[in-house]
Amino acid sequence: MYTVLVTGVGAIIGYGLARSLRSSRYPVHIIGMDIYHDAVGQHWCDAFEQAVLANDPKYPEFIRSLIGKHEIDLVIPGIEQDVDRLTAEYQAGAFAHLPVKFALNNPELIVLANDKWLMHERLTSLGFDTIATYINGDFDTLAARHGSPLLMKPRRSYASKGIQLIRSETDFIYWRQKLGDNLMVQEFVGDDNSEYTVGAFGLGDGTCSQQIIFRRKLSGEGATAKAQVCMIPELQTQVARISEIFLPVGPTNFQFRYHRGHFLLLEINPRVSSSSSLRTAFGFNEPEMCIEYYLEQKRPEPRAIRCGSAVRYIEDCVSYDRNHR
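Notes on the structure follow. (Residues numbered from 1 in each chain as written. Predicted model: local features only at pLDDT ≥ 70, side-chain atom pairs only at ≥ 80, totals over all residues. Heavy atoms only, no water.)

1. Comments concerning the environment of Asp-46
Put simply, the rule is: Counting from the N terminus, the helices are DSSP H or I runs at least four residues long and the strands are E runs at least two residues long. Residue contacts are counted whenever heavy atoms from the two residues lie within 4.5 Å of one another. By the criterion applied in these results, polar contacts are pairs of N or O atoms within 3.5 Å in which, for protein atoms, one can donate a hydrogen and the other can accept it, and in which residues neighboring in sequence qualify only through two side-chain atoms.
Its place among the elements puts Asp-46 in the loop between strand S2 (28-34) and strand S3 (47-50). Linking Asp-46 and Leu-109, residues 63 residues apart in sequence, is a C-alpha distance of 33 Å. If we skip the residues at most four places from it in the chain, Asp-46 touches Arg-22, Val-28, His-29 and Ile-30. There is a polar contact of 3.1 Å between the side chain of Asp-46 and the side chain of Arg-22. In terms of polar contacts, Asp-46 uses its side chain to reach the backbone amide nitrogen of Ile-30, at 2.7 Å.

If you want it as structure tokens, here you go:
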């Protein structure tokens, strides 16, 4: 039996990880952590620990204490803040000599993906089809060039946070002042029915063990609300080409929009994504693959991907007091 620590189990990625681990082929003892004592994901874990914030100076020692207390074999971060802090601390040697593995991606890719403008520049220089993107310019010039609305977003953000549709100079000026040097403006491409997310498990050598493609719709919080499994060879080829350059390791998700005959890359998320539990439902269990790759030291075996569609909905998780009558 393996003991796996999942971080951020109060969020959709974290509790999705816990539920996917529970349905994996491996017997697992799941330790969940979250900064909130009432995190819903603890209901799918065997033990739960209230965490310190990822930016807390005590965070590395907190993680080390959990590894020792629970004899953790594998750590899978469930929120972006933990990915960034764990990667930085791992690179600095904070967890050296500990008998534990971390499901962390290529650190160079993580740094690059954290700044959407730098990623755009890199992709453009490599000849990929990209969305027209700017960090300078005024509304009239950009609207004349690309039409209205324009898309304004932070260069550095998580889960589609802070994205605004800009239809006027007034809105443009307001959000430019609000975002400051974190500003990025893009041409608005495609529509809500033309967004795709590709999940792939990178092997660190420029190849991926397997891919799964969803055509999806986003919720207001930036997570996948509806998904349909697709087979699109053009997208598979593009992800394979991107992987050859950026060398992803472990769960990696690539987001595209289809526009005028082209699949345009929106961003790369070098981590488990909010679609992970949906992928598990169709046979692509990423936490299970993490056990194979990081602990069993095997190339994850190809899964039988089922076709179909999924819709997320709100569900109640109720806990009654012990003295309830």
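2. Quick word on the side chain of Gln-238
The cut-off we apply is this: Categorising residues by exposure relies on relative accessible area from a 1.4 Å probe, with only protein chains included: less than 20% of the type maximum marks a residue as buried, more than 50% marks it as exposed, and the intermediate range marks it as partly exposed.
Position of Gln-238 among the secondary structure elements: in helix H8 (residues 233-246). Under the relative-accessibility criterion, Gln-238 is labelled buried at 13%. Beyond its immediate sequence surroundings of up to four residues, Gln-238 is in contact with Phe-128, Phe-256 and Phe-263.

3. What about the sheet that holds strand S10 (residues 195-203)?
Think of a sheet as strands paired side by side through backbone hydrogen bonds, with each pair either parallel or antiparallel. To keep things clear, this is the line we draw: Pairing between strands requires that DSSP locate at least two bridges from one strand to the other. Here the axes come from fitting lines to C-alpha atoms, over the contacting stretch only for helices, and the angles between their N-to-C directions go from 0 to 180 degrees.
An order of S14-S13-S10-S11-S12-S15 is seen for the 6 strands of this open sheet, with the pairing classed as antiparallel. The sheet terminates laterally at strand S14 (262-269) and strand S15 (309-311), the two strands that pair on one side only. Ignoring strand direction, the axes of neighbouring strands in this sheet form an average angle of 25°. Bridge count between strand S13 (residues 249-259) and S14: 7 bridges; the pairing is antiparallel. Residue Gln-255 lies in a different strand from S14, and its bridge partner there is Glu-267. Along the sheet, helix H10 (residues 286-295) makes contact with S10, strand S11 (208-218) and S13, crossing S10 at roughly 20°.

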